[in-house]
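In case you want the letters, here they are:
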Amino acid sequence: GALGALAAAALAALWLPSEGFDPRACERLQGGLGARVEGQDLALEQAAHAICDHLLDPAPERPLVLAAHGPPGVGKSLFHRVAAGALYGAPDAAEVAGAWGCPGAGCPAYTVLFGMDYLAREREAQAAALRESLERHLRTYPEAFVVVEEYDKLDCHARGFFRQILDSGLGPGAARAVVLLESNAGYLDMHGLVAGGPAARAAVSAEGAQRMLKNVVFERYAADGCEERADTLKMVGLVHAYLPFLPLERAHLRRILARALPERLGQFHARARSGSPVDFMLEEGPGGEALLDFLADKAEYDGAFALEGAKEVSTILSRYVTPQYRRFLASGGGGAGRHEVWVGLAEDGSGARFAAVDGGEG
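Residues numbered from 1 in each chain as written. Predicted model: local features only at pLDDT ≥ 70, side-chain atom pairs only at ≥ 80, totals over all residues. Heavy atoms only, no water.

Caption draft 1: Representation of the environment of M281 in the model. Mapped onto the fold, M281 is located in strand β6 (residues 279-282). Apart from the residues within four sequence positions on either side, M281 is in contact with E340, V341, W342 and V343. (Helix = DSSP H or I, 4+ residues; strand = E, 2+ residues; numbered from the N terminus. Contact = heavy atoms within 4.5 Å.)

Caption draft 2: A look at the packing of aromatic side chains. For the structure on display, the rule yields nine aromatic pairs. Site record: aromatic cluster; members linked through ring pairs are F268, F280, Y325, F328 and F354. (Phe/Tyr/Trp six-rings, centres within 6.5 Å; stacked < 30°, edge-to-face > 60°.)

Caption draft 3: Representation of the sheet that holds strand β3 (residues 145-149). Read from one edge of the open sheet, five strands run β2-β3-β4-β1-β5, paired in parallel fashion. Whereas interior strands pair on both sides, the edge strands pair on one side only; in this sheet they are β2 (110-113) and β5 (241-244). Strand after strand, the sheet turns through a mean of 20° between neighbouring axes, direction not considered. Pairing analysis gives six bridges linking strand β1 (residues 64-69) to strand β4 (residues 178-183), with the strands arranged parallel. Bridging across to β4, L66 finds its partner in L180. With respect to the sheet, helix α4 (residues 76-88) is in contact with β1, β2, β3, β4 and β5, its orientation differing from that of β3 by roughly 170°. (Pairing = 2+ DSSP bridges. Axes fitted to C-alpha atoms, helices over the stretch in contact; angles between N-to-C directions.)

Caption draft 4: Broad picture of the environment of A258. Structurally, the position occupied by A258 is in helix α11 (residues 250-272). In this structure, A258 is in contact with L282 and L292, ignoring residues within four places of it in sequence.

Caption draft 5: Spotlight on the state of the cysteines. For the structure shown, the criterion picks out two disulfides. Here C26 pairs with C52 through a disulfide, and the sulfurs are 2.0 Å apart. Between C26 and C52, the S-S torsion sits near 105°, and that sign places the bridge as right-handed. One end of the pair, C26, is in helix α2 (residues 25-36); the other, C52, is in helix α3 (residues 41-56), and 26 residues separate them in sequence. You can call C26 partly exposed: its relative accessible area is 25%. (Disulfide = S-S within 2.5 Å. Buried < 20%, exposed > 50% of the residue type's maximum accessible area, 1.4 Å probe, protein only.)

This is the structure we're talking about:
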């Protein structure tokens, strides 16, 4: 605990949270998104270029507006968390103590708006509170990163307010803001785009996906009958780019598991054996590969696609990796003087098995 407090104090002395975009934000975006978000190259490339161009503009007319669409569990929320850390120069939350990462104190200008779909009797009060909160946030942080979840479900009252926000940004002071609208709408259409396998996925174009998603939102808004057709067209036209977050396949899930497994074990070990650092690595050869295949097979699939995206990864690791590691520790494995643990598939195919080796001996 004392060491953790000292580390946090040292970090605070070297780095303080930023209320504006980091000078190296573009470089961090282009280098960090693909390393953390799996299987979404088309969406990530569009987002990085759009944000970088916006940051280069010394006097933008209005906020940059992006719309991320896709099924649950494919990386939309992870994308905006990683993007926020890049925008504000915050250290990765896994590398620092407390809340210095992002989300947290490392990026106070980043905010996520939930609860847009409220009851009719609460509409006036909720809309007023939402407007006041957002106006205050943009006044406090002109270089804000604002995420609006399930934006396609905005009712007529809220939609008019957001059209104003996206059009003018509540004045030139907030025109440097970046707004990300997030929705599951259109995910069935995206399943159709990639139903032909890797070749179909590679053939999806930015223009084709944008046209499809824009039509999905327009049709949903037009059916509500909130405004004239011209205003509905203006609303959907205020989005600079519609980003397609495509369904994840087994290969994507396997790579996510390969990254998540050592991270989860590292977190578990730090709590169970504080002061005894360990590096976790997949066994080389068949043992490690077989474990990844075993874990990936535990997810539920709808044809070629992971039904819940990456949402099952945490549960799979809790069933087939951390209980086995708990038993490994209880039997005396990974004790003092050992800091490398190799992970592979148990001989009986029941989950993970572990082998600890002395550091430096390989």
